[in-house]
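Per-entry structural report
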Amino acid sequence: MTTTAAPETVEPRPARRRIRLAVLAVVAGAVVALVTTVLTVTAPDPTSPSALPAGCRPGQTPVSLDIPTEKQAQVNVFNGTATADLAGTVAAGLRDRGLSVGTVGNEQTRQPGKVAVLRFGPDAIGAAHLVRGYVAEAEEADKVTFEFDPARRTADVDLVVGGQYKLLATSTEMRHRMALLGRPTLPPGTCRR
């Protein structure tokens, strides 16, 4: 009777094993890099002529004039007066009216002759209009300053409370003021998105 010996299993040497693992790691890294490159979609430049909405010209900043609901509006409140904790008081009042309040603090530059200074970007023109309705009467237009920053990429509004500020309007008063103010208008150099 003839017996056949089972073939011997030869373990690869440790050096070969390390080389195989290194090659596998390099191949896996290349595959991940390739998949990431293929799946990554870069956002178009908003000022590119092909990315501009209809009616916008090159060089104009597309903006939204949509007025958000109170729940959608985001406000940062800063005290531009010498009155202690005025920003905290106004922020609490805005929260009571359903607005989302972020940063609360003091402004370095005092605003004694203003009711408010509102700072915002392309995504917050309507929100600034809404906040203006809460802080100032329609006839106080000259005491509210709008500072539009086309480079700002957040949808929040900075409200700097000035020395001429009196009280926040109720929701009913705000709606009346908004009716008197009308719709927000396009800042210079912008177009409607």
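For the structure, check the block above.
The shown structure was predicted, so the numbers you read here are calculated from the model rather than taken from an experiment.

Time to look at helix α2 (residues 86-96). Turning to α2, its buried residues number three or more, namely Leu 86, Ala 87, Val 90, Ala 91, Gly 93 and Leu 94. Buried residues in α2, looked at end-on, bunch into an arc of 160 degrees, giving them a common side. Turned more than 90 degrees from where α2 packs its buried face, Thr 89 and Asp 96 sit exposed. Where α2 is buried, its residues touch β2 (74-79), β3 (100-106), α3 (125-135) and β6 (156-161).

Their axes nearest at 8 Å, the elements α3 and helix α4 (residues 171-181) cross at an angle of 120 degrees. Classed by the angle they form, the pair α3 and α4 counts as oblique. In this structure, the crossing between α3 and α4 has a hand that is right-handed. Where α3 approaches α4, its residues His 129, Leu 130, Arg 132, Gly 133, Tyr 134 and Val 135 are matched on the opposing element by Ser 171, Met 174, Arg 177, Met 178 and Leu 181. By residue class, the composition of the contact of α3 with α4 is six nonpolar, three polar and two charged.

Our focus in this paragraph is the environment of Phe 120. Along the chain, Phe 120 turns up in strand β4 (residues 116-120). Residue Phe 120 is classed as buried on the basis of its relative accessible area, which comes to 4%. It is 9.8 Å that separates the C-alpha atoms of Phe 120 and Val 75, two residues lying 45 residues apart in sequence. Those residues in contact with Phe 120 that sit more than four places away from it in its chain are Ile 125, Ala 128, Phe 146, Glu 147, Phe 148, Asp 149, Arg 152, Asp 156 and Val 157.

Sheet architecture is open: five strands sit in the order β3-β2-β6-β4-β5, paired in mixed fashion. Of all strands in the sheet, those bounded by a partner on one side alone are β3 and β5 (144-148). For this sheet, the mean inter-axis angle between neighbouring strands, taken without regard to orientation, is 20 degrees. Inspection of the sheet shows β4 paired to β6 by four bridges, in the antiparallel sense. Counterpart to Val 117 in the pairing with β6 is Val 160. Strand contacts of α3: β2, β4, β5 and β6, with the helix running at about 165 degrees to β4, the strand carrying the most contacts.

Quantified by volume, the largest pocket comes out at close to 200 Å³. Contributing elements (two or more residues each) for the lining of the largest pocket: α3 and β5. Top element by residues in the lining of the largest pocket is α3. It accounts for three residues. Of the residues in the lining of the largest pocket, the class split is nine nonpolar, two polar and one charged.

In this section: the nonpolar core. In this structure, Val 77, Val 90, Leu 94, Tyr 134, Leu 159 and Tyr 165 are the most contacted members of the largest nonpolar core, which totals 34 residues. Of all the secondary-structure elements, those providing two or more residues to this core are β2, α2, β4, α3, β6 and α4. Take this core: its biggest share by element is seven residues, from α3. If we skip the residues at most four places from it in the chain, Leu 94 touches Val 75, Val 77, Leu 99, Val 101, Tyr 134, Leu 159 and Leu 168.

Our next topic: the pattern of salt bridges. What the rule picks out here adds up to nine salt bridges. Taking the shortest distance from any N to any O, the salt bridge between Arg 175 and Glu 70 comes out at 3.2 Å. Taken together, the residues Arg 175 in helix α4 and Glu 70 in the loop between β1 (61-63) and β2 connect sequence positions 105 residues apart. Among the residues examined, Arg 175 registers a relative accessible area of 48% and is labelled partly exposed. On the basis of relative accessibility, which here comes to 13%, the residue Glu 70 falls in the buried class. Notably, a salt bridge pairs Lys 166 with Glu 140, separated by 3.0 Å at the nearest N-O pair. Of this pair, Lys 166 sits in the loop between β6 and α4 while Glu 140 is found in the loop between α3 and β5, placing the two residues 26 residues apart along the sequence. Lys 166 sits in the exposed class, given a relative accessible area of 62%. The class of Glu 140 is buried, set by a relative accessible area of 11%. Residues participating in the shared-partner salt-bridge network are Glu 107, Arg 119 and Glu 147.

Conventions we followed
- Residues numbered from 1 in each chain as written.
- Predicted model: local features only at pLDDT ≥ 70, side-chain atom pairs only at ≥ 80, totals over all residues.
- Heavy atoms only, no water.
- Buried < 20%, exposed > 50% of the residue type's maximum accessible area, 1.4 Å probe, protein only.
- Helix = DSSP H or I, 4+ residues; strand = E, 2+ residues; numbered from the N terminus.
- Arc of directions from axis to C-beta.
- Contact = heavy atoms within 4.5 Å.
- Axes fitted to C-alpha atoms, helices over the stretch in contact; angles between N-to-C directions.
- Parallel < 35°, antiparallel > 145°, perpendicular 65-115°, else oblique.
- Left-handed = near helix turned anticlockwise from the far one by under 90°.
- Nonpolar A, V, L, I, M, F, W, Y, C, P; charged D, E, K, R; others polar.
- Pairing = 2+ DSSP bridges.
- 1 Å grid on protein atoms, 1.4 Å probe; cavity = no way out; pocket = protein on both sides within 12 Å on 5 of 7 lines; lining within 4 Å.
- Points joined across faces, edges and corners; volume = space filled by probe spheres on them.
- Core = buried A, V, L, I, M, F, W, Y, C linked by side-chain atoms within 4.5 Å.
- Salt bridge = Lys/Arg side-chain N within 4 Å of Asp/Glu carboxyl O.

By themselves these figures say nothing about function.
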